[in-house]
Protein chains: 2
Amino acid sequence: MKKESEELVGVKEIARRANVSIATVDRVLHDRPGVSLKTKEKIQQIIKELNYQPNIVARTLASRKKLKFAIIMPASSEETSYWKAPLDGVLQAEQELRQYGISVEKYLFDQNNRKTFVKQTAALLQQKPDGILLAPMFVEESNQFMQQCREQSIPVVFINSDLPGQSGLAYVGPDLYQSGYLSAHLISYLVRPSDSILMLHITRELEMDHHLLRKEEGFRTYWQEQGYTQELITMHIGQTDTETIRHHISRQLKNSSIRVLFVTNSRVAAVAKVLEELDRTDLLLIGYDFLEDSIVYLKKNVIDFLICQKPQEQAYLGMMALYDKLVLNQPVKSVHFMPIDIITRENYLFYNN
Amino acid sequence: MKKESEELVGVKEIARRANVSIATVDRVLHDRPGVSLKTKEKIQQIIKELNYQPNIVARTLASRKKLKFAIIMPASSEETSYWKAPLDGVLQAEQELRQYGISVEKYLFDQNNRKTFVKQTAALLQQKPDGILLAPMFVEESNQFMQQCREQSIPVVFINSDLPGQSGLAYVGPDLYQSGYLSAHLISYLVRPSDSILMLHITRELEMDHHLLRKEEGFRTYWQEQGYTQELITMHIGQTDTETIRHHISRQLKNSSIRVLFVTNSRVAAVAKVLEELDRTDLLLIGYDFLEDSIVYLKKNVIDFLICQKPQEQAYLGMMALYDKLVLNQPVKSVHFMPIDIITRENYLFYNN
DNA sequence: CTTATATTCGGGTACGTACACGAAATTATC
DNA sequence: GATAATTTCGTGTACGTACCCGAATATAAG
């Protein structure tokens, strides 16, 4: 039962009704000093009555402040091109935000080298950005970085994975636990009682990425809840080259009951390659992320399912969250879980990463 | 290798360089008369050199023209609340576009009554809208409507399903064929060689919605391509009440080899209800759309998968396509297929319709 | 060459908000 | 009660573009 006749009113109308100038109204709107309590309350009253909505277009045009955003995330690498998508999201946001006087500085680091992260954060902070988009890969270092951001009261948005115990402005990314849980459900349709499942964490980071573990946790929980009895073999491969992967996998596959391989990140492409070489494409393979390499194997039926969570959109939405907060002064959802998408040979063409 | 130093230039700078006033530049920009060929070419040259991008914010603020959009789609009904989502998308777009001086008129019809459609289109055209969003349920009537729109040169965007042989400004919706194809793929994982599959079209429209048939086509194509031999039973139920559905289904289920039910639209909720009553929740049930009713059965494991294609976003994007075309003068993708989402008990919480 | 008519252009204001600057009103100080 | 200090407020300009109106220039008609 909203009022339909909400004609768009502006500060001028408010000023007229309050018998003051628009400048005074403006001061009240922005909570700036120089207004007596009495007139302030009167104006606030009128603003509420009229349900005044500032004209964002005019506001943007008149506002001179130029904001600076900074992003820090891993660089796309040989090992995985996953991070190309988030960067694209950032670029898209940059494109749109330019008109609004916002510039974006990009800091990329090597996700296999914590030092590069520390170095880049230092460089970043020197620029004194007004808002930061962060992919917190290294827990310890990120915590320290967050500490500094808090001191300088710069809002930070996380993407891709959360930082346990830290509260930034917002988190935009997957619910990792549920993601693993879903995988288990999917796989439950594919296995027979006598089959075994091989779960693979393939990453160079010694302190295995916490988000891989969260996925495993979700997976195992589902499996237990359902009371399934199939064997569940977990394995961590600390090298990402094909050689090492082949070595480990072929050894495991001597266990002939293994029928499903579940790779907890984008390295599924490497596993697919190995399976093809071993001529074991009969096995079911499930993994993460929409990468070109993986799509090739998806088409060839080597990979059966890819689970994906719109990495580009994560970054884009993260940037927009900063914009909403810093420019529009709007409240921002502190957690924005991305949908859990299941990609197959049939629908990948229509997936926008 | 783009130029980084693209400082934002405006008409003022162009005017200065061309030794003319900004009014003249404006005339060239909008291709208005009153400029000699010589100066026109000079200005166009400079515009190109500077890679001038008009400031959309300022343009919007200064532009007085008020556009009127109109939408026409089925009303959300007792039978299915599917159309609530697209309407929400429209409302969201309306909310955002208000600031830009765009109003939205809504015309809803009864999807079981073609006459209401005709009536509403007539009312719509009297308002002489500048752009139209159309869900073309009735092929014949929609074609006639399109004819009138063409005569009045009003751009039309389709959502939800395309209109064969008609070319509007754009189509935003699912690739129905692929959608059926994917379902078949999904189901292929779930059936044993001796199982049968029951495909159900449940709709009151006599000339069965063409998009249901497109889905069936995709499904059958996959099944043939793969050389599967399972029995595929297709059935059209012309009444949507539980009673009728139960009657037909229980009769079919005497065929004890049926193990999978595939419902080609949102009436899957009704089927789920029937299966529960019949105590046949052991059967696998797959259907369409993210409706509350269906989610209930998804949670209860009666429905196993829902295929969904972001109906809200379809409408939202459709509206924005009109905006891009009519306000920003930007080219619009003529076909925008939505991703094909697979919803399960595990990921439905994170699905935004 | 003068006057009339078309053509080509520039000045100026408006869109709704932000903010600098200074004026007016109020309060404090002696 | 006069002056200073402080508080409170209004005027005016700017943001970049759209477009009205009238002025200047060019072309046509006599």
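Owing to the predicted nature of the structure, the values given are computational and were not obtained by experimental measurement.

Our next topic: the overall build of chain A. Within chain A one finds 13 helices and twelve strands. Looking at chain A residue by residue over its 353 residues, the buried ones come to 52%. Looking at chain A alone, contacts between residues at least 24 apart form 70% of all its contacts between residues at least 6 apart. Of the roughly 16,700 Å² that chain A leaves accessible, carbon and sulfur atoms contribute 48%.

Turning next to the domain arrangement of chain A. Considered domain by domain, chain A is made up of domain 1 (11-54), domain 2 (67-173 + 311-336) and domain 3 (176-308). Here domain 1 of chain A and domain 3 of chain A have C-alpha centroids that lie 61 Å from each other.

Enumeration according to the criterion identifies 36 aromatic pairs over all chains in this entry. Ring geometry for Phe290 of chain B versus Tyr351 of chain B: centroids 5.3 Å apart, planes at 50 degrees, classification tilted. Here Tyr351 of chain B lies in the segment after strand S12 (341-343) and Phe290 of chain B lies in the loop between strand S9 (284-288) and helix H12 (292-299), a separation of 61 residues in the sequence. Its relative accessible area of 8% is what places Tyr351 of chain B among the buried residues. Ring pairs connect the aromatic residues Tyr177, Tyr181, Phe219, Tyr222, Trp223, Tyr228, Phe262 and Tyr288 of chain A, which therefore count as one cluster.

Surrounding DNA strand D, one finds 26 residues, the nearest of these being Ser21 of chain A together with Asp26, Arg32, Tyr52 and Arg59 of chain B. For DNA strand D, the fraction of protein-proximal atoms (within 4 Å) that sit in sugar or phosphate groups is 69%. Ala62 of chain A places a main-chain nitrogen or oxygen 3.3 Å from a base oxygen of DNA strand D. Looking at the surface near DNA strand D, the elements that each hand over two or more residues are helix H2 (22-29) and helix H4 (56-62) of chain A together with helix H1 (11-18), helix H2 (22-29) and helix H4 (56-62) of chain B. In terms of residue class, the surface near DNA strand D is built from eleven nonpolar, nine polar and six charged.

Looking now at the protein's contact with DNA strand C. The local shell around DNA strand C holds 26 residues, among which Asp26, Arg32, Tyr52 and Arg59 of chain A together with Ser21 of chain B are the closest. Each atom of DNA strand C within 4 Å of the protein was assigned to sugar, phosphate or base; sugar and phosphate come to 70%. Within the backbone of Val11 of chain A, a nitrogen or oxygen atom sits 2.8 Å from a phosphate oxygen of DNA strand C. Separating a phosphate oxygen of DNA strand C from a side-chain N or O atom of Tyr52 of chain A is a distance of 2.6 Å.

Now for the packing of H1 of chain B against helix H3 (residues 37-50) of chain B. Residue and element names in this part refer to chain B. Two elements in contact, H1 and H3, have axes separated by 10 Å at closest approach and are oriented at 130 degrees. With respect to their mutual orientation, H1 and H3 come out oblique. At the point where H1 passes H3, the crossing takes the right-handed sense. Residues Glu13, Ile14, Arg17 and Ala18 of H1 lie in contact with H3, whose contacting residues are Lys42, Ile43, Ile46, Ile47 and Leu50. A breakdown of the residues in the contact of H1 with H3 according to their chemical character gives six nonpolar, no polar and three charged.

This paragraph deals with the layout of surface pockets. Volume-wise, the second largest pocket comes out at about 870 Å³. The set of elements that each furnish at least two residues to the lining of the second largest pocket consists of helix H8 (176-188) of chain A together with helix H8 (176-188) of chain B. Split into classes, the residues belonging to the lining of the second largest pocket amount to 14 nonpolar, twelve polar and eight charged.

Note on the chain copies: they are related by a rotation about an axis and a translation along it. Each copy of the sequence occupies a distinct position, and chain A is placed on chain B by a rotation of 180 degrees and an axial shift of 0.1 Å, giving an RMSD of 0.3 Å. Expressed as an axis order, the relation between the two copies is that of a two-fold axis. When C-alpha positions in chain A are compared against the rotation axis, the closest is assigned to Val57 of chain A, at 2.7 Å. Interface residue correspondence from chain A to chain B reaches 100%, placing this contact among same-surface, isologous pairings.

As a further point, take unusual backbone geometry. Residue and element names in this part refer to chain A. In this structure, Asn51 is a non-glycine residue whose phi angle is positive, near 50 degrees. In this structure Asn51 comes out as partly exposed when scored by relative accessible area, which is 39%. Its identity as a non-glycine residue notwithstanding, Asp279 has a phi of 60 degrees, on the positive side. When you line up the elements, Asp279 lands in the loop between helix H11 (268-277) and strand S9 (284-288).

As enumerated under the stated definition, the model contains zero disulfides over all chains in all. With no disulfide of its own, Cys308 of chain A has Cys308 of chain B as its nearest cysteine by sulfur position, at a separation of 17 Å. For Cys308 of chain A, a relative accessible area of 0% corresponds to the buried category.

Residue and element names in this part refer to chain B. In the contact formed by H1 and H2, the axes pass within 8 Å of each other and the chain directions differ by 105 degrees. Put simply, H1 runs roughly perpendicular to H2. In this structure, H1 uses Val11, Lys12, Ile14 and Ala15 to contact H2, whose residues at the interface are Ile22, Val25 and Leu29. Of the residues belonging to the contact of H1 with H2, the class tally is six nonpolar, no polar and one charged.

All names here are of chain A. Overall, the coordinates contain 36 salt bridges over all chains when judged by the stated rule. Across the pair Glu277 and Arg246 runs a salt bridge whose closest N-O atoms are separated by 2.0 Å. Note that Glu277 is positioned in helix H11 and Arg246 in helix H10 (residues 242-252), a separation of 31 residues in sequence. Since its relative accessible area comes to 41%, Glu277 is described here as partly exposed.

Another point: the interface of chain A and chain B. Listed as interface residues are 38 residues of chain A and, on the opposing side, 38 residues of chain B. Summed over both partners, the interface of chain A with chain B comes to about 3,400 Å²; 60% of that surface belongs to carbon and sulfur atoms. For chain A, the biggest contributors to the area lost against chain B are Tyr189, Glu346 and Phe350 of chain A; these three give 21% of the whole. Counting across the interface, chain A meets chain B through nine residue pairs in polar contact (both at pLDDT 80 or more). Within the residue set of the side of chain A that touches chain B, elements represented by two or more residues are H4, H8, strand S11 (335-337) and strand S12 (341-343) of chain A. Classifying every residue of the side of chain A that touches chain B gives 21 nonpolar, ten polar and seven charged.

So, how was this worked out
- Residues numbered from 1 in each chain as written.
- Chains lettered and ligands numbered in written order.
- Predicted model: local features only at pLDDT ≥ 70, side-chain atom pairs only at ≥ 80, totals over all residues.
- Heavy atoms only, no water.
- Helix = DSSP H or I, 4+ residues; strand = E, 2+ residues; numbered from the N terminus.
- Buried < 20%, exposed > 50% of the residue type's maximum accessible area, 1.4 Å probe, protein only.
- Contact = heavy atoms within 4.5 Å.
- Areas by Shrake-Rupley, 256 points an atom, 1.4 Å probe, with all protein chains shown as cover.
- Domains from an automatic or database assignment.
- Phe/Tyr/Trp six-rings, centres within 6.5 Å; stacked < 30°, edge-to-face > 60°.
- Near = heavy atom within 4 Å.
- Polar contact = N/O pair within 3.5 Å; in protein donor to acceptor, adjacent residues only side chain to side chain.
- Nonpolar A, V, L, I, M, F, W, Y, C, P; charged D, E, K, R; others polar.
- Axes fitted to C-alpha atoms, helices over the stretch in contact; angles between N-to-C directions.
- Parallel < 35°, antiparallel > 145°, perpendicular 65-115°, else oblique.
- Left-handed = near helix turned anticlockwise from the far one by under 90°.
- 1 Å grid on protein atoms, 1.4 Å probe; cavity = no way out; pocket = protein on both sides within 12 Å on 5 of 7 lines; lining within 4 Å.
- Points joined across faces, edges and corners; volume = space filled by probe spheres on them.
- Least-squares fit on C-alpha atoms with pLDDT ≥ 70 in both.
- Disulfide = S-S within 2.5 Å.
- Salt bridge = Lys/Arg side-chain N within 4 Å of Asp/Glu carboxyl O.
- Buried area = accessible area lost by both parts, 1.4 Å probe.

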